[in-house]
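For reference, the chains in residue letters:
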Amino acid sequence: MITRPFGWTGVPVAVVGQGTWRMGERRAAEADEVAALRLGIKLGLTHIDTAEMYGDGGAERVVGRAIARRRARVFVTTKVLPQNASYAGTLRACRRSLERLRTDYIDLYLLHWWSERHPIGETTEAMEELVRRGLVRFIGVSNFDVPQLEAARAALGRERLACNQVLYHLRDREIEREVLPYCVRHGIAVVGYTPLARGGFLLVVVAEIARRHHRTPRQVALNFLTRRPALFTIPKASRPEHIRENAAALDFTLTRAELARINAAF
Ligand SMILES: NC(=O)c1ccc[n+]([C@@H]2O[C@H](COP(=O)([O-])OP(=O)(O)OC[C@H]3O[C@@H](n4cnc5c(N)ncnc54)[C@H](OP(=O)(O)O)[C@@H]3O)[C@@H](O)[C@H]2O)c1
């Protein structure tokens, strides 16, 4: 398993994890989804990302089944929806997530995206209370830009922001401009979502580099997207061959020239 310290927390977290969006939506698919997540855990993809939003709680239920008897090996992230993120609403949402996840703690609890619906200070106060009660280890946010990160950091008292989960794939590297440097400066881990971008990055240059390393273009993409110490990625895969491919994305090193070629191509 390839892990690295998760920002300032120093906790070793799998660099390549597993997403769960679109899981838990159909009962008939659940057994396969549980098996997929378990295969991923076995192969070292032990950071599992979910949210109360996904499948209306269905994805959390799938994760709960997948991590049974494996809880200590897994780093579980879930998210509260902005409309639920008042002080009392956040506490209630977390309880519901814990029940669905069948666990007594969440490793990382995120606000899914910024909203004016409830003041950020209410959400952060509730999240700090959850940490105080031992129900959440670390708190973070998702889809935040720099001013929003500043506001969240200013609102926090005892705790620090551990993570910003953001869109990051080869065709959308916007975070490299401001969000990533800001997070690096403040020890905030950056978890990139939708890393495979529905294959929209499959250019000749990536294919060539992949061939040279006897790897696939998607492995090259995941490798590139985690090339800096602050970066983590959470591809979602249900098919066993996809999970195996993603799990082997970091056992080769892109040369400086290759990194530069990919940089130039995107
Ligand atoms: N914070 C947020 O706002 C936010 C937003 C979007 C996503 N996320 C999180 O990030 C996770 C990942 O993003 P995503 O699900 O949008 O997209 P993604 O991981 O970029 O792509 C998922 C798709 O790629 C396929 N796939 C996975 N590995 C593959 C491989 N090696 N070869 C070929 N195809 C492969 C999957 O197929 P199979 O399933 O058939 O294997 C699935 O159709 C989500 O599941 C969710 O947990 C967070």
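Reference entry: report on the structure contained in this document.

So, how was this worked out
- Residues numbered from 1 in each chain as written.
- Predicted model: local features only at pLDDT ≥ 70, side-chain atom pairs only at ≥ 80, totals over all residues.
- Helix = DSSP H or I, 4+ residues; strand = E, 2+ residues; numbered from the N terminus.
- Rg over C-alpha atoms; globule rule 2.2 N^0.38 Å.
- Buried ≥ 20, exposed ≤ 12 C-beta atoms within 10 Å, placed from the backbone.
- Near = placed C-beta within 6 Å.
- Nonpolar A, V, L, I, M, F, W, Y, C, P; charged D, E, K, R; others polar.
- Pairing = 2+ DSSP bridges.

Some thoughts on the overall build of the protein chain
- Of the regular secondary structure elements, the protein chain holds ten helices and nine strands.
- For 266 residues, the compact-globule formula gives about 18 Å, and the C-alpha radius of gyration of the protein chain, at 18 Å, lands near that figure.
- Seen through its principal axes, the protein chain has C-alpha atoms that stretch 55 × 40 × 30 Å.
- Burial statistics for the protein chain: of 266 residues in total, 46% are counted as buried.

A word on the site of the ligand
- The environment of the ligand is made up of 23 residues, and the closest members are Gly19, Trp21, Tyr193, Leu196 and Lys236.
- Top contributing element to the shell around the ligand by residue count: helix α9 (residues 240-247), with three residues.
- When its residues are assigned to classes, the shell around the ligand shows eight nonpolar, ten polar and five charged.

What about the environment of Val206?
- Tracing the backbone shows Val206 in helix α7 (residues 204-212).
- Once the C-alpha coordinates of Val206 and Asn223 are considered, the two residues, 17 residues apart in sequence, prove to be 11 Å apart.

A short note on the pairing of strand β5 (residues 106-111)
- Taken across its six residues, β5 has six buried, putting it largely inside the fold.
- As defined by bridge partners, strand β4 (residues 75-80) adjoins β5 across four bridges and the pair is classed as parallel. Residue pairing in the sheet places Val80 in a bridge with Leu111 of β5.
- In this structure, β5 lies alongside strand β6 (residues 136-142), joined through five bridges in parallel fashion.

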